[in-house]
Amino acid sequence: MSATDDGDDPFNAFVTRCRVGGGDGMLSDLSIGVKDNISTEDVETTCASQVLEGYVPPYDATAVKRLKDAGASIVGKTNLDEFGMGSTTETSAYGATRNPVDPERVPGGSSGGSAAAVAAGEVDAALGTDTGGSVRCPAAFCGVVGYKPTYGLVSRYGLIAYANSLECIGPIADDVETVGRVLDVIAGEDHRDGTCNLEAGDLASAAREPVELGGLSVAVPEELVGDGVDPDVEAEFERAVDVLKSEGASVDRVSMPSLERALAAYYVIAMGEASSNLARFDGVRYGPGGGDGDWNESFSSARAGFGDEVKRRVMLGTFALSEGYHDEYYDKAQQARELVRRDFHRVFEDADVVASPTMPVTAFELGEALDDPLEMYQMDVNTVPVNLAGVPSVSVPAGDVDGLPVGLQLTAAKNRDAELLSTAAAFEEAWS
Ligand code: GLN
């Protein structure tokens, strides 16, 4: 099966259509899209990169295998920013995905194909991957629910790595209940991924049982609202906070000073890991053969197929890890990461969840952010701290600005995924 420009795919949500799985099981009623950086046996998996065009994995990622075993039908591989690097799904080698809410706008990214396919009703649910917000951002921009689990809850085996210490596979669907059902199936220990060692519990039931909001304590960090957040988005967020309060939740404004450093730390770490993970696309192990010539020439010609954003990150990441600069950049970023972890830990001593707008803005127009990578990186300010800390987080639809969806981001302490799903379900109910 190969990458298609499918006439039945008005939003360009899919890179490849397929039909695998389906049968008896807990998810036999669901059609599912799988982000195209997650390996699917016998179905082309491109990471939306020219470099992997024609690559057909001989095995399924653990998450995909579990979906198939549960009877889900996998109907396509969804579009993404090349290798998951971006927040708009415009850096795909297969063209940008459009936002079903407004086709002149981006769906968010990098799992934009997954969120668009759900929002357009083309699938019941989709898998995305979230390294710094790539499940929550497109969920927010397309008006659907996106869930990033605790790091270590869902196996990364078969996920083609971008930044392995940060990324997680997570589901996107129209409602919290469906997200919980998919998560329940894909979560849980896997001996093929040494970091995946958490007991999952009954997440499907948790998502079906809203918590009593009257007993909930919510923290709102001042660093994630105010400056840099569009005033209309902030007004919608405050409306969501009012709904939580009117249901009896207590809401405290808190400070998490480390968050000011989180974005810079995230990009240094993510690019460093990317430069190392993408070294395997050398034309020998993976990627198009580099042809004749000496090793350096062959290696660089194999890598010429990467797009500009991927090249930028590989170069910056290599720089940040190199001798002489390592202490100044990478080590400092790791120190900042530790401070972010501690700040979350401290806040969760008193609060059940941290709330903020998922994205500081609504979906922007196609092409708007492409020329200015720094501006695009800035958009991730509210989502990346969660990945640095490894905690679970969900984006739930909470209103709109001029018809463009706004997401409420709720984040919980490590391994409190069941509680977070029940909280998201309660908010969803209270909001509607
Ligand atoms: N936008 C962020 C980045 O480009 C997040 C991407 C992701 O979560 N895969 O790194």
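For the structure itself, consult the block above.
In this report, the structure presented in the accompanying data block is examined. (Residues numbered from 1 in each chain as written. Predicted model: local features only at pLDDT ≥ 70, side-chain atom pairs only at ≥ 80, totals over all residues. Heavy atoms only, no water.)

## Looking at helix H4 (residues 176-186)
An α-helical turn contains 3.6 residues, so a residue and the one three or four places further along point in the same direction.
Here is step 1 of the chain: With 10 of its 11 residues buried, H4 lies for the most part within the structure.
Here is step 2 of the chain: Within H4, the full set of buried residues consists of Val 176, Thr 178, Val 179, Gly 180, Arg 181, Val 182, Leu 183, Asp 184, Val 185 and Ile 186. (Buried < 20%, exposed > 50% of the residue type's maximum accessible area, 1.4 Å probe, protein only. Helix = DSSP H or I, 4+ residues; strand = E, 2+ residues; numbered from the N terminus.)

## Thoughts on the environment of Leu 278
Here is step 1 of the chain: Its location among the elements puts Leu 278 in the loop between helix H7 (259-277) and helix H8 (295-303).
Here is step 2 of the chain: Spatially, the C-alpha atom of Leu 278 lies 39 Å from that of Glu 428, the residues being 150 residues apart in sequence.

## Some remarks on the pairing of strand E9 (residues 353-357)
Here is step 1 of the chain: Burial of E9 is extensive: five of the five residues sit out of reach of the surface.
Here is step 2 of the chain: With two bridges connecting them, strand E7 (residues 217-221) and E9 associate as parallel partners. Within E9, the position partnered with Val 218 by the bridge is Val 353.
Here is step 3 of the chain: Both E9 and strand E11 (residues 404-411) contribute to a ladder of four bridges, which runs antiparallel. Each residue of the ladder has a partner; that of Val 354, found in E11, is Thr 411. (Pairing = 2+ DSSP bridges.)

## So, the state of the cysteines
Here is step 1 of the chain: Within the structure shown, the criterion is met by zero disulfides.
Here is step 2 of the chain: You can see Cys 142 has no disulfide; the closest cysteine sulfur is in Cys 137, sitting 8.6 Å from it.
Here is step 3 of the chain: In this model Cys 168 remains outside any disulfide bridge; the closest cysteine sulfur is found in Cys 196, 9.8 Å from its own. (Disulfide = S-S within 2.5 Å.)

## Considering the sheet that holds E7
Here is step 1 of the chain: The strand order E1-E3-E2-E4-E6-E5-E10-E11-E9-E7-E8 describes an open sheet built from 11 strands, whose pairing is mixed. Of all the strands in the sheet, just strand E1 (14-21) and strand E8 (250-254) have a single pairing partner and so form its edges. Each neighbouring strand pair of the sheet contributes to a mean axis angle of 25°, computed without reference to strand direction.
Here is step 2 of the chain: Pairing of strand E5 (residues 145-148) with strand E6 (residues 168-173) involves two bridges; the strand directions are antiparallel. Of the residues in E6, the one forming a bridge with Val 145 is Ala 173. (Axes fitted to C-alpha atoms, helices over the stretch in contact; angles between N-to-C directions.)

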